[in-house]
Structure formats: C-alpha cells, structure tokens
Amino acid sequence: MKYALLFLIAICIQNLSFSQPLTQTVKGRVVDAQTFLPIPKASIEIIDSGKTLAIGTSDQNGYFSIPNVSIVRITVKISLIGYNEYYANNINHVSGKQTSLEIELSEKVVSFKTSGIKVKSKNTVNNSNISLSAKSFDIEDTRRFAGSRNDPARMASNFAGVVGNNDSRNDIIIRGNSPQGLLWRMDGIDIPNPNHFGAMGASGGPVSILNNNVLAKSDFLTSAFPAMYGNATAGVFDLQMRNGNKNKTEYTGQIGFNGFEAGVEGPFSSRSKASYLINYRYSTLAILQKIGINFGTGTALPYYQDLSFKIDVPLKKDKLTIFGIGGISNIHFNSADNKDTSNLYSNANRDLKYRTGMGVAGAAFTHYFTSQLFLKTSVGATISSVKTIQDSVWEFGRQPEYRDNSSLQRYVLSSTLNYKKNAQQNFSIGINVQNIRYNFNDSLYFNNRFNTLRDDKGNTILFQTFITHQYKISQRTTLNSGLHYQALALNQSMALEPRIGLTHQLTQNKKISFASGLHSQMQTMQTYYLKTTLNDANATILETNKALGFTKSVHNVIAYDYAFNRTWRFKTEAYYQYLYNIPVNTYSSYYSAINEGTDFNNPNTDSLTNKGTGKNYGLEFTLEKYFSKGFYMLNTVSLYQSKYKGSNDIERNTAYNGNYILNILAGKEIRLSQKNVLAFDTKITLAGGKRYTPINIDQSRLEKREVRFNEQTYDKQFDPYARLDFKVTYRRSGKKITQEWFIDIQNITNRKNIFLQGYDVSKGKITTQYQLGLFPNFNYRVNF
C-alpha cells in the first residue's frame, strides 16, 4: 500500500509544470424555484477567492454560457432584483467537462432591504416544501467523502441520524427505523430497491445500481417529510438525474470497485437544446479478488452490470424527459469454498445461487397553462426480480433448503398540478397511482418435501393523493402544510395523513424550525401472500397476513440552525417518533416486523396482526464547514433510543438501537499548479455495536441446530463499531481532458468489528464472524 501512495505522489511531482493557462466553459440555466420557468436577465458572476473572473447574463430562455473561465475552484453568484441571491459555492471547475448548473431562484416576499435574510445556495434542498431534517448532495459529494465507494447510500451514512455500521450492505437506518421504511424516488417516480443483489421489499444491498456520474443535485430526508411523499415511515431519497450537455459531446470513463464504466452525453443536434446521457457499468470484482482484495464474499465471484440513461427535450414552453436505470446481478456461493470467515453472505454448510434484477423506465411531461400554473405528469414502469437456489451441504450429502423465483412489477402514473399565486403562496395537488403486479413462487424444504410459502400471481392498486400549501408569512417566516391520503385495494386499507412545518429566521444567521406529520406504509407484498398450512386432515392453506393494514408513524421534530458565516454552520435537531399498527404475532411473542429489513430473505412470519408499537427519540448535532479555501469538515453526533413492543407487551430494544454514532470527516485540497491537484480525505466512525440475541449453546447442541434465548431478544450488544478511512486523490487537467486517480483505504487500522455470531453444528460451538478488515478501494476516472 505504501508503494501505491508513493506512486501517486511521484505522478504529482512529475507533472508539476507551468504552461498556458487552462480554461473551460461555465454554462447553465436560471429558473424560478416554484414554477421552473426561465428567468431572463439574471446576473451571473464567477468568483475565485473574492476576485471576479467573469460575468454574464441569462438570455430570454434562462440559459447562460460563459467561455474561457480559468480552471480553479469557483463560486457562481446569481442575482436579480426581486429574487433572493443564489451562491453555488466552490464548484470543481475542470478542463475535461463543461461546468453545467441548474439554478433555482426564489422570489422575495417583500422588495425592501431584507435580501440578507434568505440566501439560497448549492447546499439548499431542491424541494422548497421541506422545513427541516433534510440534506442536499451532488456528484462531488458522493465522490469526495472517504469510505463512500461512490455510493449515494453509503455517503448518506455520514449525515446526522443515519447509521452505517454494516460493511456488507448499504442499508440506510434512519433514527432507529427499519431500512424498509425508506422511500426511493427518481425524477418523480417511486422506484424499487436500487441495489445489486438486493432483496425485493428491502432498500439496501452490497453494491448500488445508482451511478453517481449521472446524478444531479438531490435531496435526502430523514423525518417529517412533506405531503408529496407517501408510503414511507423512515425517510426519503429523492433523486434527480442530470441532463446531458446541450452544447457538445462529452465522454466519461472509469474503473474501480464499482466496475468498468463508460458514459457519453451531448446534444442530438446543434440546432436544438435536446440532449442525451447514457452510462454503462460492468463489475470488476473478479479482477480485484485475483489481486488479493477481500470484499466480503470469500471465494465467490459477484457479477453485475447496469445501465442509466436520460433524454431531455425542451419544447416551446413545455418539457419532456425520458429516463431509466436497470441492473442484473448473480453470484454462486459454493459450500466447498465457504470455509473462509471473510464470507459475510453465506456459510460453510450452504450452497447458494442468487440472481437479482431491477429496472425502471419513465417519461415526464411538463405543460404550462400560464406563467403561474403548470402540470407535470410522469408515467413509468418498474420491475424487481429474484431467483434463489439454496441447499444445505453436509458430510453425508446435500439437502434442498429453499427455492424462490419471484418478480414484482409496478406501472405508475403520477401527476402534480402546481399553482404559484404570488411570491407568498404556492399550491400543489397531485395523485400517484400504482398498478402492482406480482408473481410469487417460493418454497421451503422440510418433512422431506417442498412446502409452498407463496404461489400467487395477480395485481392490486395503491392510490395516493396529496395537497400542499406553502405560505411565506414574511421574508423571515414560512409555513408548509399539507395532507396526504393513500389506499390499498388489496384489503381496503386507508390512511389520511396531515403534515405541517414551520421555519422562522430569527436573524440573518439563526433559524428555528418545527415539523410534525403522520406517515403510513403498506407491508411488503410478500408479507400479504405468505401461506400457512394447517395441521389438519385436509392440510388447509390460509393467507393469515392478507388483512394487515398500514404501519403508521407520527414524527415530531424541532431544529435550531446557526450559520457562523457563509461556510461554517451548526445545527441541532431533537425528535420523537411514535410507531403503531406494526405487524406482530397474534399469540404472545417477541416478534415484530419493525426489526425486518437488513437481510436477503423474504419475510416468512405468518399469523400477524397490527397491534405492535414502537418509539424512536434522540438528539443530533451537526458542525459543518462547507468546502472553501481547499478545506471542508463534517462532524455529526447522534444520540438515540429505539424501542418496540411485540404481542407479549414487553418493551425491548429494536435491532437498530445502537444508541449513538459519531462521524468526523475532513478533507484538504492542495492546488500544486493549475493542472495538478492533490487532495486528502479522512473519516472516523464510532457507533454502538449491533444488537443481537444470545445463542443457547446447550440447547443448540441438544437439538443440533442454532437455538437462541428468545426471551433476551436484542438485549445484548456487540463491541462498538469503529473505523478509520483515509483517501488520497490526484487530479490532472489537460487542454481537453481531466484525469483523476484515488486510493481510498477503508478500515486502515484493520480493526475487527463483529458482524455476527452463529452456531456451527459440525463443531458444536459458537463462531464469530467479522466485518471487512483493511480494504483498499482504487478508482480512475477520465472526462474528455
């Protein structure tokens, strides 16, 4: 590893040179934050360290293009009388790709001298109806942080309230909630689990299908989200795909942990603003394994590939976009190769073949009736599928265990009518209709035969509608209110959910916020159709979970935000969530569906009823320095409790009650010359250990299978999870090309964080499995 670092430094020294200054174009579009109509005559100023490099003005369609801007970190200031100023801070302006910006200006409520009270910036969330508990991010954020692997989900684990103490998956555990409570949305369409090797109904997996090179600035919400988001109880990932370059063709190539990657973008013709963006990726893990890198699958080789695309067609006044993502993956864990404890996904007595697929395709059309009234309608189709063949293998032979060949499709219609009455008031009303088509076929082997768990094919409808109202009481105070309704045709479940949020700017740099709301979520489709075979003469089959209603959660959050200056910020949030209608057993038991969501298995618990409860409460602190003068810092501390009650009415820790998490991230960028940049990033994570139920070793030996003390469910906790990551990046700019190399050494101390404990039947003892040790992640990217 030290030779790799020395190699990077040698490249930097070798390429130090002074030559003709490099430049590139800065371009973009300025639109209204509520109506998204173009804003002409906006002033654009490009700044470097307080010095103006260039100026420009947006044209009648909101577009601007400023050529020959020096290759440095730039800040772009956009201003116009009657609108709040916007700052796009510390943009990485490189020679290999034009810098493209989508700027949304918010109109001032009053015109007299209060412009210093509200200043939008690159760090402001996209959705203006969000009052708190949200964070925006862009491509650079997903690449910058050490340990993130270019994965938006792993990047989000650095934010306050989010736990990332599992090296095997990127599940997003928000404020003690199950990751199943997360909503993934892309360009207005709710999408299934966007991860390779991800289970249907889950929200995480080992490798993300999402490609950070095609993402635009997006929002991540952790609580009390506004009424346009439904069927979720934990959080929202509201993703936006960026548009391709409308002026010239550009290319991207990349190789690293996530795969071989190639991308192209550009205009369809020089006479229109229509553009395309396409990116393809194929796995490289087989190569990494051959050079001795352990990524948690033992000797098994994961194979995957994915594709992302977007077409943007501006019309005279309207807009049409077509987009999609998709991925397929497969792996075979051979029992003969599973002796190694570095395998986090299978064990020595199991032969497992696992294949998954996921896809989304959609189109969105925006039509403007007037300058204040527009309708955005999206249609789309999504699919997720899984095929599993699992056998147990012992010295005396092989025995089948489980088979699954299932798929889930959704056909989606989403339409929102938005009306901007004036600078103070904005209304929106919308519907979201999902035709859910399922084809389940899985079975479990016992009593010398396969017993059907699910064998169903059909469809049902999930209907959602909402209304929101934003009222800017003054330039300092904004009230966001709304109402969300959803209904499931399968069993006539219904929920009416009020939402409200209030923000008040105490001074130019101090803000308080409050939000509250009711949030509901249907169960996974596999849960509804689980079959129970009665032990009677006719072997009667029942579907005991089909009448389950929505799980519900009441969110209450209060926040205080203090900006020391334009780059330093402190924020604290306190929250309380009460969950109810959680599925639990009809008989006295510890079980609750609140603990599901972080494995690869279908939920196989029958005889459930909506009588479980839970609660999450905590306090979070964030101290952040936005990237400026070559330096950034992000420090987050989360203190929390997560409890639940099963049908036995005993309060216990949930599986996700780690109690605390601390993240310290920092980075320094050194400009060696205009062409050469060297950057160092580090991350320290300290989190409460994973909860577990202890193994009853005596009973396990007696029954020759793993038996746990169910009366001590999640009472125990492994040692704290701790990890230190360190990343070195070198970036070199040429006249028409930018190259970037990084080495991201994760868990640099090689700490042994406990992953799980299990019972080894053949040895009659408890075994401990550890998470990834020292893990070097290499990446090379080129833009031209």
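Above this note sits the structure.
Quick caveat, the model's predicted, so the values are computed rather than measured.

Draft legend 1. Representation of a nonpolar patch on the surface in the model. Together, Ile255, Phe260, Ile278, Tyr280, Tyr282, Ile287, Tyr303 and Leu307 line one region of the surface with nonpolar side chains, adding up to about 650 Å² of accessible area. Those elements giving two or more residues to the nonpolar patch turn out to be β20 (275-282) and β21 (303-314). The element best represented in the nonpolar patch is β20, accounting for 3 residues. Topologically, Tyr282 is positioned in strand β20. Under the relative-accessibility criterion, Tyr282 is labelled partly exposed at 35%.

Draft legend 2. Broad picture of the sheet that holds strand β4 (residues 63-70). Spatially, β4-β1-β7 is the arrangement adopted by the 3 strands of the open sheet, whose pairing is mixed. The sheet is open, and its two borders are formed by β4 and β7 (99-105), each paired with just one other strand. Each strand axis lies, on average, 25 degrees off the axis of its neighbour in the sheet, ignoring direction. Relative to β4, strand β1 (residues 23-32) runs antiparallel, the two sharing 6 bridges. The residue of β4 that forms the bridge with Arg29 is Tyr63.

Draft legend 3. A look at the nonpolar core. Counting residues in each nonpolar core, the largest one holds 38 residues, and the members touching the most others are Met522, Met525 and Tyr528. Among the secondary structure elements, those contributing two or more residues to this core are β22 (319-333), β23 (350-368), β26 (425-446), α5 (525-528) and β34 (568-585). In terms of residue count, β26 provides more of this core than any other element does, 3 residues in total. Those residues in contact with Met525 that lie beyond four places of it in its chain are Leu408, Ile436, Tyr438, Phe440 and Thr460. If you look at the next biggest cluster of nonpolar residues, it comprises 32 residues, including Met155, Val214, Phe237 and Met358.

Draft legend 4. View of the sheet that holds strand β9 (residues 134-137). A sheet is described by the order of its strands in space; here 5 strands give the open sequence β9-β16-β17-β12-β13, paired in mixed fashion. Two strands lie at the open edges of the sheet, namely β9 and β13 (189-190), each paired on one side alone. As judged from the 3 bridges shared by strand β16 (residues 218-221) and strand β17 (residues 235-239), these two strands associate in the antiparallel manner. Following the sheet pairing, Leu221 is matched in β17 by Val236.

Rules of the game
- Residues numbered from 1 in each chain as written.
- Predicted model: local features only at pLDDT ≥ 70, side-chain atom pairs only at ≥ 80, totals over all residues.
- Heavy atoms only, no water.
- Patch = residues over 30% accessible without salt bridge, like charges linked within 9 Å, V, L, I, M, F, W, Y side chains within 5 Å.
- Areas by Shrake-Rupley, 256 points an atom, 1.4 Å probe, with all protein chains shown as cover.
- Salt bridge = Lys/Arg side-chain N within 4 Å of Asp/Glu carboxyl O.
- Helix = DSSP H or I, 4+ residues; strand = E, 2+ residues; numbered from the N terminus.
- Buried < 20%, exposed > 50% of the residue type's maximum accessible area, 1.4 Å probe, protein only.
- Pairing = 2+ DSSP bridges.
- Axes fitted to C-alpha atoms, helices over the stretch in contact; angles between N-to-C directions.
- Core = buried A, V, L, I, M, F, W, Y, C linked by side-chain atoms within 4.5 Å.
- Contact = heavy atoms within 4.5 Å.

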